[in-house]
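# Coordinate inspection notes
Here's the letter readout for the chains.
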Amino acid sequence: MDTNHNKGDKFFKTPGDWIEQSKQLKEKFSILTDHDLKLEEGKEKEMLERIGNRLRKNREEVLNIIKEINLS
């Protein structure tokens, strides 16, 4: 039985340079802090929660915002 079908929901992988993406997020959302955007290996979920709490968005909305940053 395959138990890895939810694996993609557990981990966040940035599709590019996170330093540049975090700068763009801070420009777009001045309320975000360096601490909110600090990406540590194994703690991606916590970072997404910090961003979501600060922006009052759910996880899916935060992921969509990050995807939009990547497309611009």
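Keep in mind that this is a model prediction, so the values were computed, not measured.

On a plain count of helices and strands, the protein comes out with four helices and zero strands. If you list the helices and strands of the protein from N to C, you get α-α-α-α. Counting contacts in the protein only where the partners sit at least 6 residues apart, residues at least 24 apart contribute 41% of the total. In the form shown here, the protein has an accessible surface area of approximately 5,500 Å², with 48% of it arising from carbon and sulfur atoms.

Glancing now at the nonpolar core. Grouped together as the largest cluster of nonpolar side chains are 14 residues, with contacts concentrated most on L25, L32 and I51. For this core, the secondary-structure elements that each account for two or more residues are α2 (18-28), α3 (44-55) and α4 (59-71). Ranked by residues supplied to this core, first place goes to α4 with five residues.

Another point: α3. Taking 1.5 Å of rise per residue, the 12 residues of α3 would be expected to cover 16 Å, and the 17 Å separating its terminal C-alpha atoms lies within 8% of that figure. R56, located one to two residues past α3, shows a positive phi value of around 60°.

Right, let's get into the environment of E44. As for its placement among the helices and strands, E44 is situated in helix α3. With a relative accessible area of 9%, E44 lands in the buried category. Taking the C-alpha atoms as reference points, E44 and T14, separated by 30 residues in sequence, lie 9.7 Å from one another. At 3.1 Å, the side chain of E44 forms a polar contact with the backbone nitrogen of G42.

Right, let's get into the packing of α3 against α4. Two numbers describe how α3 lies on α4: the axes approach to 9 Å, and their chain directions differ by 95°. In terms of axis orientation, α3 runs roughly perpendicular to α4. On α4, the residues that touch L48, I51, G52 and L55 of α3 are R59, V62, L63, I65 and I66. The residue makeup of the contact of α3 with α4, split by class, is seven nonpolar, one polar and one charged.

It is at 10 Å that the axes of α2 and α4 come closest, and there the two elements cross at 110°. Classed by the angle they form, the pair α2 and α4 counts as roughly perpendicular. Counted together, W18, Q21, Q24, L25 and K28 of α2 and I65, I66, E68, I69 and N70 of α4 form the full contact between these two elements. Here the contact of α2 with α4 is built from residues that sort into five nonpolar, three polar and two charged.

How each quantity is defined
Residues numbered from 1 in each chain as written. Predicted model: local features only at pLDDT ≥ 70, side-chain atom pairs only at ≥ 80, totals over all residues. Heavy atoms only, no water. Helix = DSSP H or I, 4+ residues; strand = E, 2+ residues; numbered from the N terminus. Contact = heavy atoms within 4.5 Å. Areas by Shrake-Rupley, 256 points an atom, 1.4 Å probe, with all protein chains shown as cover. Core = buried A, V, L, I, M, F, W, Y, C linked by side-chain atoms within 4.5 Å. Buried < 20%, exposed > 50% of the residue type's maximum accessible area, 1.4 Å probe, protein only. Expected span 1.5 Å × (residues − 1). Polar contact = N/O pair within 3.5 Å; in protein donor to acceptor, adjacent residues only side chain to side chain. Axes fitted to C-alpha atoms, helices over the stretch in contact; angles between N-to-C directions. Parallel < 35°, antiparallel > 145°, perpendicular 65-115°, else oblique. Nonpolar A, V, L, I, M, F, W, Y, C, P; charged D, E, K, R; others polar.

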